[in-house]
Amino acid sequence: KQEVTQIPAALSVPEGENLVLNCSFTDSAIYNLQWFRQDPGKGLTSLLLIQSSQREQTSGRLNASLDKSSGRSTLYIAASQPGDSATYLCAVKGGANNLFFGTGTRLTVIP
Amino acid sequence: KAGVTQTPRYLIKTRGQQVTLSCSPISGHRSVSWYQQTPGQGLQFLFEYFSETQRNKGNFPGRFSGRQFSNSRSEMNVSTLELGDSALYLCASSLGLPETQYFGPGTRLLVL
C-alpha cells in the first residue's frame, strides 16, 4: 500500500524567507503527484500537478520537483508571505483515480 | 465556471443515525471522489464514481456507501453513525484519470 510522508510536520519562518517542504512516497509506480494547500476548516486548493514523466512544475513563487525513482518530491516557496500560512499536503495518484495523501506540513509565516 | 459544491456544510447527528451528504461537481466533470479527513488518520479515500458506476473503493466499512446520478451529482451515505465518523468529508471532481482533482469546501460532520 502506498504510504506518503511529509517532513516537517510544522514549520515557522519569518516573512521573506525561502523554504522547502518535503514529501516522500513508498511506491514509485505513480501516475502523478499533486501539491495542495488547505486553510483551517476549508477544502483543498490545488497548487501544482506533476505528471510522472515530468521533473518539475512552476507557478509563480512555487516550484515543485519530482524524483520518482527515489520516491521524493519537494515544494519550494520563494519569498514567503504571511498569506502563505496554511497546511500543505502532497498526494500521489496510482493507477486508479484515487489520491494517497501525506500528513501535511503546517506552515506559519511570521510578519 | 462554478466550483465543486457540497451540502450541507455542517451537520450534527447522534450515534446510530444515518446521514446523506451531497456533492455537485464542476460542470462537465464525470468523476467524483469522496475523502474523509480526521485529525488522527488524515485524508483517506472513500470511493470514486464515474458515469454512475463505482470505479474504485477505499478501505472503509460497508456503512459507507455512495451513488452518482446521471447529471454527475453524487451522494454519500453513512448508516449507523459512530463517534469516530466525525470528520470533514471532502469530495473532488475531475474530467477523468489523468486530470487534476478539484475539491469542494467539505461537509463537517459531528457525531454526538
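Right above here is the structure, for reference.
Along each chain, the written sequence defines residue order, and numbers are assigned to residues from 1. For naming, the first written chain is A and the first written ligand is 1, with later ones following in the order written. In keeping with the predicted nature of the model, local features appear solely for residues at pLDDT of at least 70, side-chain atom pairs appear and are counted solely at 80 or more, and the whole-chain, interface and lining totals rest on all residues. Hydrogens and water molecules were not included; the side-chain quantities draw on all heavy atoms of the structure.

Participant: How should I be thinking about the overall build of chain A in this particular structure?
Facilitator: Numbering of helices and strands runs from the N terminus, with a helix taken as a DSSP run of H or I at least four residues long and a strand as a DSSP run of E at least two residues long. Helices and strands together make up the secondary structure of chain A, namely zero helices and eleven strands. Helices and strands appear in chain A in the N-to-C order β-β-β-β-β-β-β-β-β-β-β. Here the C-alpha atoms of chain A give a radius of gyration of 13 Å, agreeing with the 13 Å that 2.2 N^0.38 yields for 111 residues. In terms of principal-axis extent, the alpha carbons of chain A reach across some 40 × 30 × 20 Å. Relative accessibility thresholds used throughout: buried, under 20% of the residue-type maximum; exposed, over 50%; partly exposed, between the two (1.4 Å probe, protein chains only). Taking all 111 residues of chain A together, 44% fall into the buried category. Sequence separation of 24 or more characterises 53% of the internal contacts of chain A that already satisfy a separation of 6 or more. Here the radius of gyration uses the C-alpha set of atoms, whereas the globule reference equals 2.2 Å times the residue count to the power 0.38. Here, two residues are considered to be in contact whenever any of their heavy atoms come within 4.5 Å of each other.

Participant: Would you mind going over the nonpolar core with me for this structure?
Facilitator: Put simply, a nonpolar core is a bunch of buried Ala, Val, Leu, Ile, Met, Phe, Trp, Tyr and Cys residues held in one set by side-chain atoms that sit within 4.5 Å of each other. F25, L33, W35, L75, I77, Y88 and L107 of chain A are the most contacted members of the largest nonpolar core, which totals 22 residues. With 21 residues, the next largest nonpolar core counts L21, L46, F64 and V111 of chain B among its residues.

Participant: Would you mind showing me how to read the interface of chain B and chain A here?
Facilitator: Interfaces are often described in size by the accessible area the parts lose on coming together. On the chain A side, the residues contacting the 22 residues of chain B number 20 residues. Together chain B and chain A conceal approximately 1600 Å² of surface at their shared face, both sides included; 51% is due to carbon and sulfur atoms. Put simply, a salt bridge is a Lys or Arg side-chain nitrogen that is within 4 Å of an Asp or Glu carboxyl oxygen. Summed over the shared surface of chain B and chain A, the result is zero salt bridges. The set of elements that each furnish at least two residues to the side of chain B that touches chain A consists of strand 4 (31–38), strand 5 (42–50), strand 6 (53–57) and strand 9 (87–94) of chain B. Two parts placed together each lose some accessible area; with a 1.4 Å probe, that loss summed over both constitutes the buried area.

Participant: I keep staring at unusual backbone geometry and nothing clicks. Help me out?
Facilitator: Note: most residues except glycine have negative phi, and most peptide bonds are trans. For the bond running from I7 of chain A to P8 of chain A, omega is 0°, close enough to zero to count as cis. Structurally, P8 of chain A is set in the loop between strand 1 (4–7) and strand 2 (10–14). The omega torsion of the bond from T7 of chain B to P8 of chain B falls at -10°, within 30 degrees of zero and hence cis. Mapped onto the secondary structure, P8 of chain B falls in the loop between strand 1 (5–7) and strand 2 (10–13). One non-glycine residue, A79 of chain A, lies in the positive phi region at around 45°. As for its placement among the helices and strands, A79 of chain A is situated in the loop between strand 8 (72–77) and strand 9 (86–93). Classification of A79 of chain A as partly exposed rests on a relative accessible area of 37%. One non-glycine residue, T80 of chain B, adopts positive backbone phi at about 45°. Following the sequence through the fold, T80 of chain B ends up in the loop between strand 8 (74–78) and strand 9.

Interpretation note: all reported values are geometric properties and have no functional meaning in isolation.
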